[in-house]
Amino acid sequence: MQKGRVEAFSDGVLAIIITIMVLEIKVPHGDNFTDLIPLIPVILSYVLSFIYIGIYWNNHHHMMQTVKTVKGTILWANLHLLFWLSLIPFVTSWMGEHHFSSKPMALYGFVLLMAAMAYFMLQNEIIKSQGENSILAKAVGKDFKGKISPILYLIGIGLSFVHSWLGGAIFILVAFIWLIPDKRIEKSL
């Protein structure tokens, strides 16, 4: 099977995820800028989640450029990733509405952890399908960012129960790590 359908479906799902997240930001009843103040936690959680979805979209796009054809295991691994990403609007809303309290923050971190694991599984299925000498296998190499992220997510989840902002700081740190442009795949193409 050609990869175009996987890319189009994934792009559509990610667009819907972003749309759902922005629709969770309710318009205030007043017309003053001060009426926006109670929405600050909701808006901040949206911004963080938008960045995460953007990171996944960008990396998914680059990874799929290395794929020639897809088979069933890649389709299922991709759906697994999209499942975890589709939960981001829910945990984003819960986290924002409860002002980044411990349990919503920990669940947010858990969803990020599972999405990272699903991405890793998709990446491994592609490498297995394309071969150990494939473009993706060479580009990924030791994959420091991919290996450190789940560890940081686990630390962030634990710290969320100590103080929610500590967990949040770890989740922001991981986002910044991935915001640094990763040229490994681009250089390999």
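Above this text you will find the structure in question.
Because the structure is a prediction, the values reported are computed rather than measured.

Let us now look at the nonpolar core. Core analysis: the biggest nonpolar cluster contains 51 residues, and Y52, Y56, L85, Y108, I126, Y153 and F171 have the highest contact counts within it. For this core, the secondary-structure elements that each account for two or more residues are α1 (4–23), α2 (40–65), α3 (72–86), α4 (88–97), α5 (102–130), α6 (135–140), α7 (144–162) and α8 (164–179). By residue number, the principal contributor to this core is α5, which donates 13 residues. With sequence-adjacent residues up to four places away left out, Y108 is seen in contact with L48, S49, Y52, V91, T92, M95 and F171.

The next subject is a nonpolar patch on the surface. A cluster of nonpolar side chains, namely F9, W76 and L79, defines an oily patch on the protein surface of about 370 Å² accessible area. With respect to the helices and strands, the residue F9 is situated in helix α1.

Okay, the pattern of salt bridges next. Between side chains of opposite charge, pairing is possible as soon as their charged atoms come close. Scanning the entire structure with this criterion turns up 1 salt bridge. Of the charged contacts, one joins E125 and K128 as a salt bridge, the two residues approaching to 3.3 Å between their closest N and O atoms. Taken as a pair, E125 and K128 lie in helix α5 at a separation of 3 residues, close to a single helical turn.

On to unusual backbone geometry, then. Its identity is not glycine, yet H99 carries a phi of approximately 50 degrees, on the positive side. By the element assignment, H99 lies in the loop between α4 and α5. You will see that F100, though not glycine, has its phi angle at about 60 degrees, which is positive. Classification of F100 as buried rests on a relative accessible area of 7%.

Parameters at a glance
Residues numbered from 1 in each chain as written. Predicted model: local features only at pLDDT ≥ 70, side-chain atom pairs only at ≥ 80, totals over all residues. Heavy atoms only, no water. Core = buried A, V, L, I, M, F, W, Y, C linked by side-chain atoms within 4.5 Å. Buried < 20%, exposed > 50% of the residue type's maximum accessible area, 1.4 Å probe, protein only. Helix = DSSP H or I, 4+ residues; strand = E, 2+ residues; numbered from the N terminus. Contact = heavy atoms within 4.5 Å. Patch = residues over 30% accessible without salt bridge, like charges linked within 9 Å, V, L, I, M, F, W, Y side chains within 5 Å. Areas by Shrake-Rupley, 256 points an atom, 1.4 Å probe, with all protein chains shown as cover. Salt bridge = Lys/Arg side-chain N within 4 Å of Asp/Glu carboxyl O.

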